[in-house]
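Analysis of the macromolecular model
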Amino acid sequence: PGVTRRVLLELCHQNNIEAYEEDIAVERLFEADEVMILGTMSGPVPITHVDGKPIGGTGDIGPLTTKLKEYYIEAMQNDDHLYDIFAHGAGEEFDE
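Quick caveat: nothing in here was measured; it's all calculated off a predicted structure.

Looking now at the confidence of the model for the protein. Taken as a whole, the protein shows an average pLDDT of 83; of its residues, 80% reach a score of 70 or greater. Within the protein, the lowest mean pLDDT, 89, falls on helix α1 (residues 3-14), and the highest, 93, falls on strand β2 (residues 43-47). In this model residues 88-96 is a low-confidence stretch, pLDDT under 50, and it forms 21 contacts with partners more than four residues away in sequence or in other chains.

Okay, here's the thing in structure tokens:
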């Protein structure tokens, strides 16, 4: 995966949040409690609607996306973190 995805997966692991990647059909988005996309500068970005239909029934930003955003910002601002995105290439492993 890309660097940002790797960071988020590691943050999930560190915080006992189940996380994995898989290919899904677009129809499954509407069954999800929360949907997000990732950007290097933004971290997790909530997707609240797809094709005008709400995600998670309400279309609100979910608590997990909010928490992951907090973890991501904290990790990127911490000088002692493991996630120097300029030192680790997308193909390198992070230390656990």
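Here we come to the nonpolar core. Grouped together as the largest cluster of nonpolar side chains are 9 residues: V3, V7, L8, L11, C12, I17, L68, Y72 and A75. Elements supplying a minimum of two residues to this core: α1 and α2 (63-77). In terms of residues, this core owes the most to one element, α1, which gives 5 residues.

On to α1. For α1, with 12 residues, the first-to-last C-alpha span of 16 Å sits near the 16 Å given by 1.5 Å per residue. Considered for burial, the residues of α1 that qualify are V3, T4, R6, V7, L8, E10, L11 and C12. As for α1, its buried residues are in contact with β1 (35-39), β2 and α2.

What counts, and where the lines are drawn
Residues numbered from 1 in each chain as written. Predicted model: local features only at pLDDT ≥ 70, side-chain atom pairs only at ≥ 80, totals over all residues. Heavy atoms only, no water. pLDDT = per-residue confidence, 0-100. Helix = DSSP H or I, 4+ residues; strand = E, 2+ residues; numbered from the N terminus. Contact = heavy atoms within 4.5 Å. Core = buried A, V, L, I, M, F, W, Y, C linked by side-chain atoms within 4.5 Å. Buried < 20%, exposed > 50% of the residue type's maximum accessible area, 1.4 Å probe, protein only. Expected span 1.5 Å × (residues − 1).

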